[in-house]
Every structure is written in C-alpha cells, then in structure tokens.
Amino acid sequence: MHRVSLSELKSGMVTAKDIIVDEQLIVSKGAVLSDSAIEKLKKYVILGIEVEDEDTETFTKEVEQDKSYSERVKNSQEFSRFKNKFNDAAEDLQRTINDVVEKNKPLDIDVMLHPVLETLDSLDNKISVFAMMQNMRDYDDATYVHCVNVALICNIFSKWLDFTEEETKIATACGLLHDIGKLTIEKDIIQKPGRLTDDEYEIIKQHTIAGYNLLKNYHIDLHIKNAALLHHERCDGSGYPYGLTRNQIDSYAKMVAIADVYDAMTATRVYRDALCPFEAVSEFEEDGLQKYDTKYLMTFLENMENTYLLNRVRLSDGREGEIIFMRRDMLDKPTVKCGMDFIDLAIQKDLYIEKII
C-alpha cells in the first residue's frame, strides 16, 4: 500500500482504504479505479489516497524512501531519458534557428517541433514535466534552452485548456520561437551578468519586433508570428512594444507570456540562483490578474496545484516538510507538514517556502 496524489492516479489502480468525505463514502476499499471514478475524486478536496502496491516496480519503489523528491527524480531512468532528449532538442533548435537567422534557410515547423515532442514522449507520466524542468535548473540558461522550456510549458498548458491537437501544435511552436529575435541582439547585452542600463534594456525590448521581422515572410501560422511580437504585452497596457491592452493581444501570445515569465523566474541566471516556483506563483497572484488574461492565468495556477502537492520543501526557517494542502485563493501559501507540526503559511506569514527539495 502506498499514497498517491490525485494527479498521479491511473485507471486500474486499486484503492487500499475506503475514501470518505464529510462522512459520505465516495469510493470503497478494493475498488478498481476507472477514468470516471478518478474524475469524480478530483471534484472533492482530497490530498491523495491509499492504493494497493502494483506487482511491477513503480517509480516510488525504485529508490530509497528517505531521499528527497528531487533526488528521486534525478536518479530515475525517466529523468535520464528526458535530460538527453531535452539537450538534443536545445542543440537542434540552436542549429535550426542559426540557419534561419544567419543563412535565411527555410523554416519547417514540423521538423522543428519533432525534437520537442520527442522530449515529451520520453516521459511515462510518473514524473511531471515541471518536476523534470525544475531539476534541470543547474543547466545552461541559453536562449535555446529557455525556448525549449517555454515550448514544453505551452504544450502542457494548451492541454489544460482542452486545445485540439492542431491548436496544441501551434501553441508549442509559439513557445519554441517566441524569443527568436534575441538572436539579433549583441551577446554582451543578452548575457550581461549584472543589471542592464536603461539603454541596454531598450535594446533588449527590440527583440520582439526583430523576432516578428524574422518570421513575417515565412508561411507559418499567424499566431506564431504574433507570439514573437506580443509576448511582452500585458493586459493592463504596461507591456511592450506597443502597450496593447487585453483584447488587442493575440490569445496565444497571452499563453506564451505566462509560460515565458514562469520559466524566466524559475531559471538559474548568471546573476542569481533559480527562484523557487512558489515565488513565481506569489508574483503571479500579487498583480497577475491585472497583467495577464484571467482565463489563462487561473488555469495555469490551478493546475500548478497538482504539480507541487505532496512535494518536499524547505521553509525559510530551515525546517523541511511535505506540502499536504494548497488553498486555491493563496496557492503560494500552502500547509506544510514538518514532523508532527502542520505549518499553515497563510497564517504564519513570516515563513515562506525557500526551496523544493
């Protein structure tokens, strides 16, 4: 018997205990879960359930239980496959984009997407894409790596939004090519280890227009071109290059904006370590509803709940524990079980999650 979160449930798993909510039996012990039963469970505020051990070894049995979740991810065969495919995708993107920018070669979206989709196909859903990327944060943060990250996020994001297969393909391509314009900016500015000057920042802001100009003459979906141009626009008019507002911004660019900011905040930079994902969530919750489209932002944040529930974390006071409950109105302030103590970060406002471990 072992405990799994709702996001980890699969059809065919067998419940090890009765599942009771508010004194009502929801699913009986010994029940074989179907897809409909799993969807039913997701409607209740349940942290996870006990299921019978499978005959074959699962990810949770492959490594010692005293290791952190991060260590278990990194020691898994799935992570090794993902890392290799991810690195291949980043290198392939670098070659392809350089040919487009420097040699004016044709742009084939299907060919460009293939390594990214292979990276996703390397997963068997025991570990989420976000957990994989979180444990890749020690790797190079070049533009190509960032673009592959954003493409992966957009692919998952579009499925959360129930996009069709074709819409998901477009969204993934939008993420992959959104920063192509940065390759026209001097490397000394792009890779500067400190704060940019005002003049340097103005140069950086031109990458959106440069990206659109690189893509505009190719026979590709208009959303891909718009995502390159508009992914720094914000719904309240505070973005660039044009200061557009909510209804003037391409819908796919709105998606890319969220994926781009999340990845940028949680990536290692030459001038700082990667931020904890909960810091990114906190910033989104603080002023995100003004800057980002509510539909897309809320979908993103609510699905992040399933991504990080039951993860082990370190608090700002050094204590370590497991996230056992997340409030939908304050996702950045979950309840963490540290030993026998239950720490509600919504109440103990002097504490925060420092790191996922």
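The following refers to the structure shown. (Residues numbered from 1 in each chain as written. Predicted model: local features only at pLDDT ≥ 70, side-chain atom pairs only at ≥ 80, totals over all residues. Heavy atoms only, no water.)

Another point: the overall build of the chain. Within the chain, the regular secondary structure consists of 15 helices and nine strands. In the chain, which comprises 357 residues, the share counted as buried stands at 50%. Taking the intrachain contacts of the chain between residues at least 6 apart in sequence as the baseline, contacts between residues at least 24 apart amount to 62%. Here the chain displays about 18000 Å² of accessible surface, and carbon together with sulfur accounts for 46% of that area. (Helix = DSSP H or I, 4+ residues; strand = E, 2+ residues; numbered from the N terminus. Buried < 20%, exposed > 50% of the residue type's maximum accessible area, 1.4 Å probe, protein only. Contact = heavy atoms within 4.5 Å. Areas by Shrake-Rupley, 256 points an atom, 1.4 Å probe, with all protein chains shown as cover.)

Our next topic: the pattern of salt bridges. Side chains that differ in charge, positive against negative, can pair when their charged atoms come close. With the rule as written, the count across this model stands at 15 salt bridges. With its nearest N and O atoms 3.7 Å apart, the salt bridge here joins Glu118 to Lys85. On the criterion of sequence distance, the pair formed by Glu118 in helix α5 (residues 109–121) and Lys85 in helix α4 (residues 77–103) is long-range, its members being 33 residues apart. A residue is classified by how much of its surface remains accessible, and Glu118, at 32% relative accessible area, is partly exposed. (Salt bridge = Lys/Arg side-chain N within 4 Å of Asp/Glu carboxyl O.)

What follows is about the packing of aromatic side chains. The geometry of an aromatic ring pair comes down to the distance between the two centres and the angle between the two planes. In total, this model carries 13 aromatic pairs according to the counting rule given. Where Tyr201 meets Tyr240, the ring centres are 6.3 Å apart and the plane angle is 85°; that geometry is what we call edge-to-face. Of the two residues, Tyr201 is situated in helix α10 (residues 198–205) and Tyr240 in the loop between α12 (222–230) and α13 (251–266); the sequence distance between them amounts to 39 residues. Their ring planes at 55° and their centres at 5.7 Å tell us that Phe278 and Tyr308 sit as a pair that is tilted. Note that Phe278 is positioned in helix α14 (residues 277–291) and Tyr308 in helix α15 (residues 294–308), a separation of 30 residues in sequence. Of the two residues, Phe278 and Tyr308, neither departs from the other in class, the shared state being buried. An aromatic cluster is built from Phe130, Phe157, Trp160, Tyr262, Phe284, Tyr292 and Phe300, whose rings are joined through pairwise contacts. (Phe/Tyr/Trp six-rings, centres within 6.5 Å; stacked < 30°, edge-to-face > 60°.)

Here we take up α4. Between the first and last C-alpha of α4 there are 38 Å, a value that for 27 residues agrees with the 39 Å anticipated at 1.5 Å per step. Along α4, the positions that sit buried rather than exposed are Glu78, Phe79, Phe82, Phe86, Ala89, Ala90, Leu93, Thr96, Ile97 and Val100. Residues of α4 that are buried sit in contact with α3 (69–74), α5, α6 (129–134), α7 (143–160) and α8 (165–177). (Expected span 1.5 Å × (residues − 1).)

Reading across the sheet, the five strands line up as β8-β7-β6-β5-β9 and stay open at both edges, with antiparallel pairing between neighbours. The two strands at the open ends of the sheet, each matched to only one other strand, are β8 (341–344) and β9 (353–356). The mean inter-strand angle of the sheet, taken between neighbouring strand axes irrespective of direction, is 40°. With three bridges joining them, strand β5 (residues 312–315) and strand β6 (residues 320–327) adopt antiparallel strand pairing. Pairing of Arg314 across the sheet is with Glu320, part of β6. Docked against the sheet, α14 engages β6, β7 (330–338) and β9, running at close to 145° with respect to β7. (Pairing = 2+ DSSP bridges. Axes fitted to C-alpha atoms, helices over the stretch in contact; angles between N-to-C directions.)

With 85 residues, the main nonpolar core has Phe284 and Phe300 as its most contacted residues. No other element matches the eleven residues that α7 contributes to this core. Not counting the four nearest positions on each side in its chain, Phe284 is found in contact with Ile258, Val261, Tyr262, Met265, Leu289, Tyr292, Leu297, Phe300 and Leu301. One finds Val4, Ile26, Leu33 and Leu41 within the second-largest nonpolar core, a separate group that totals 13 residues. (Core = buried A, V, L, I, M, F, W, Y, C linked by side-chain atoms within 4.5 Å.)

Let us now look at the side chain of Ser76. Of note, Ser76 is situated in the loop between α3 and α4. For Ser76, a relative accessible area of 3% translates into the label buried. A distance of 2.7 Å separates the side chain of Ser76 from the backbone oxygen of Val73, its partner in a polar contact. Polar contacts involving the side chain of Ser76 include one to the main-chain amide nitrogen of Phe79, which spans 3.1 Å. (Polar contact = N/O pair within 3.5 Å; in protein donor to acceptor, adjacent residues only side chain to side chain.)

A few words on unusual backbone geometry. Pro241 follows Tyr240 through a cis peptide bond whose omega is 15°. Examined against the element boundaries, Pro241 turns out to sit in the loop between α12 and α13. Phi angles above zero are rare outside glycine, and Asp162 is one such case at about 60°. Within the secondary structure, Asp162 sits in the loop between α7 and α8.

This paragraph deals with a negative patch on the surface. On the surface, Glu279, Glu283, Glu286, Asp287 and Glu354 cluster together to form a negatively charged patch. Sort the elements by how many residues they give to the negative patch and α14 lands first, with four residues. Topologically, Glu354 is positioned in strand β9. (Patch = residues over 30% accessible without salt bridge, like charges linked within 9 Å, V, L, I, M, F, W, Y side chains within 5 Å. Lys, Arg positive; Asp, Glu negative; His and termini not counted. Charge placed at Lys NZ, Arg CZ, Asp CG, Glu CD.)

This part takes up the packing of α5 against α7. With their axes 10 Å apart at the nearest point, α5 and α7 run at an angle of 65° to one another. In this structure, α5 meets α7 at a crossing whose hand is right-handed. Every residue of α7 that contacts α5 at Val116, Leu117, Thr119 and Leu120 is listed here: Ala151, Leu152, Asn155 and Ile156. (Left-handed = near helix turned anticlockwise from the far one by under 90°.)

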